[in-house]
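# Summary of structural features
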Amino acid sequence: MSSSKSSNVIDGKAVAAAVIKECLTEVDALRRHNVVPGLAVVLVGEDPASKVYVGAKARTCLELGIYSRKIELPAETTQEELIGVVHDLNRDPAIHGILVQSPPPKHIDEEAVIRAIDPRKDVDGFHPENVAKLALEDPTGFVPCTPAGCLRLLKAAGISTTGADAVVIGRSMIVGKPMAFLLMAKGTDATVTIAHSRSTDLPGICRRADILIAAVGRPEMVKADWVKDGAVVIDVGINRVDDPSTKKGYRLVGDVAYDEVAPKCRAITPVPGGVGPMTIALLMKNTLQAARQQTRVV
Ligand code: NAD
């Protein structure tokens, strides 16, 4: 990926490192009041990608001095048992943030599990109370980590969003919808279009975008002729594609055909090394927000 070294690349690792540095200061402030922030991550089953994400979250907690509790449950755990674990964590004063790693096994209703999490500890920001707070622009709510990370990347790259035409591809509750709310919020002030699998003329919609956010899960779907010259492109997609030339037999690509799109862009995020590192950094931020709100010491 030779073009990844050019000056229009937004370096997600560097911006994430800056967020982690802010978190260190926030952890210190809490610790001075004898508060050790705590995050519980619940993993049900053996999904290999989920194990990687959970491991990375625990390592970042350790690096920051955040207490982390990893709860690994067998794939056959029932929904009632899982909700029982969540209720125990809701009551545990050492735990300020709870997340249940997605996706759970098919027999579990993820929505019901999310609703069981105390909204004050819902650091993923998926509970209906936090979804409503995002829509209401209430800063006491938790904003989902990936879209919050995308917005932070735009700010770090000095991109002005006011009055910009922003197009978000994807309408999931995890990325697309909260991304749209953040972009249209007061202070960010973009004009937002959400496109999805039933949109007609997706290339035409994308070509209008000053800021294009792709959160689809389709490898290299966004082509060069979908992108306006000088647009800013944020690629949320993480897709494995077969590549026998690599040790693992696959490589990761985004939803954007990077090599052909990057030369047209004012700024673009690579995959990997773009949005991915931001998601964990913002999870740490949310955990510290939860610890502050629950203890009220700082
Ligand atoms: P999802 O499957 O829940 O949603 C995908 C969305 O894309 C849907 O709203 C659907 O309408 C839309 N879509 C599907 N096919 C389309 C098409 N042909 N044209 C237009 N729209 C189409 O996925 P998600 O959870 O929102 O994740 C999207 C991608 O982002 C995935 O690759 C996922 O791995 C990645 N992701 C990355 C991070 C990160 O930290 N970087 C975090 C979350 C998700």
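None of these values were measured; they are calculated from a predicted model.

Two side chains of opposite charge can pair, provided their charged atoms sit close to one another. Taken as a whole and assessed by the stated rule, the structure comprises 11 salt bridges. A salt bridge links K51 to E46; the shortest N-O distance between them is 2.9 Å. Here K51 falls in the partly exposed class, since its relative accessible area comes to 35%. Overlapping salt bridges, with partners in common, bring together E22, E26, R152, K285 and R292 in one network.

Moving on, we come to helix α3 (residues 79–91). Helix length check: α3, at 13 residues, gives a terminal C-alpha distance of 19 Å against a target of 18 Å (1.5 Å per residue), a fit within 8%. The complete set of buried residues in α3 reads Q79, L82, I83, V85, V86, L89 and N90. End-on view of α3: buried residues confined to an arc of 155 degrees, all on one side of the axis. In this structure, α3 carries E80 and R91 as exposed residues pointing more than 90 degrees from its buried face. Looking at the buried residues of α3, the elements they touch are β1 (38–44), β2 (67–73), β3 (97–100) and α4 (110–116).

Right, let's get into the side chain of E26. By secondary structure assignment, the location of E26 is in helix α1 (residues 12–31). By relative accessible area, which is 17% here, E26 ends up buried. Within polar-contact distance, the side chain of E26 engages the side chain of R292 at 2.9 Å. If sequence neighbours within four positions are ignored, E26 has contacts with K285, L288 and R292.

The biggest cluster of nonpolar side chains holds 53 residues, and the ones touching the most others in it are L39, I66, L154, L183, I211, I213 and M284. A total of 10 residues in this core trace back to one element, the largest contributor, which is helix α10 (residues 275–295). If we skip the residues at most four places from it in the chain, I66 touches V27, P37, G38, L39, C61, M284, T287 and L288. Judged by nonpolar contacts, the second largest core, of 22 residues, contains A195, C206, V233 and V256.

This brings us to the sheet that holds strand β5 (residues 191–195). The sheet built from five strands is open, its strands ordered β5-β4-β6-β7-β10 with parallel pairing. The open sheet has two edge strands, β5 and β10 (267–268), and neither has a second partner. Where strand β4 (residues 165–169) and β5 come together, five bridges link them in parallel fashion. By the bridge assignment, V167 is partnered in β5 with T193. Running at roughly 170 degrees to β4, helix α7 (residues 176–184) makes contact with β4, β5 and β6 (211–214) of the sheet.

Before going further, it helps to examine the pairing of strand β7 (residues 232–235). Judged by which residues are buried, β7 turns out to be covered on both faces: V232 and I234 on one side and V233 and D235 on the other are all buried. Looking at chain direction, β6 and β7 are connected through four bridges and run parallel. Its bridge partner lying in β7, I213 is registered against I234. Pairing of β7 with β10 involves two bridges; the strand directions are parallel.

The subject of this paragraph is the site of the ligand. Taken together, 21 residues form the shell around the ligand, and within it R171, S172, S197, V236 and T279 come nearest. Separating an oxygen atom of the ligand from a backbone N or O atom of S197 is a distance of 3.1 Å. Between the ligand and the protein, one listed contact pairs a nitrogen atom with a backbone N or O atom of V236 at 3.5 Å. Burial of the ligand by the protein chains amounts to 72% of its free accessible area of 850 Å². Take the shell around the ligand: its biggest share by element is three residues, from α10. Residues of the shell around the ligand, tallied by class, amount to nine nonpolar, 10 polar and two charged.

Here the bond from S102 into P103 is cis, since omega is 0 degrees, no more than 30 degrees from zero. Along the polypeptide, P103 turns up in the loop between β3 and α4. For the peptide bond that leads from V271 to P272, omega is -5 degrees, which places it in the cis range. With respect to the helices and strands, the residue P272 is situated in the loop between β10 and α10.

Rules behind the numbers
Residues numbered from 1 in each chain as written. Predicted model: local features only at pLDDT ≥ 70, side-chain atom pairs only at ≥ 80, totals over all residues. Heavy atoms only, no water. Salt bridge = Lys/Arg side-chain N within 4 Å of Asp/Glu carboxyl O. Buried < 20%, exposed > 50% of the residue type's maximum accessible area, 1.4 Å probe, protein only. Helix = DSSP H or I, 4+ residues; strand = E, 2+ residues; numbered from the N terminus. Expected span 1.5 Å × (residues − 1). Arc of directions from axis to C-beta. Contact = heavy atoms within 4.5 Å. Polar contact = N/O pair within 3.5 Å; in protein donor to acceptor, adjacent residues only side chain to side chain. Core = buried A, V, L, I, M, F, W, Y, C linked by side-chain atoms within 4.5 Å. Pairing = 2+ DSSP bridges. Axes fitted to C-alpha atoms, helices over the stretch in contact; angles between N-to-C directions. Near = heavy atom within 4 Å. Areas by Shrake-Rupley, 256 points an atom, 1.4 Å probe, with all protein chains shown as cover. Nonpolar A, V, L, I, M, F, W, Y, C, P; charged D, E, K, R; others polar.

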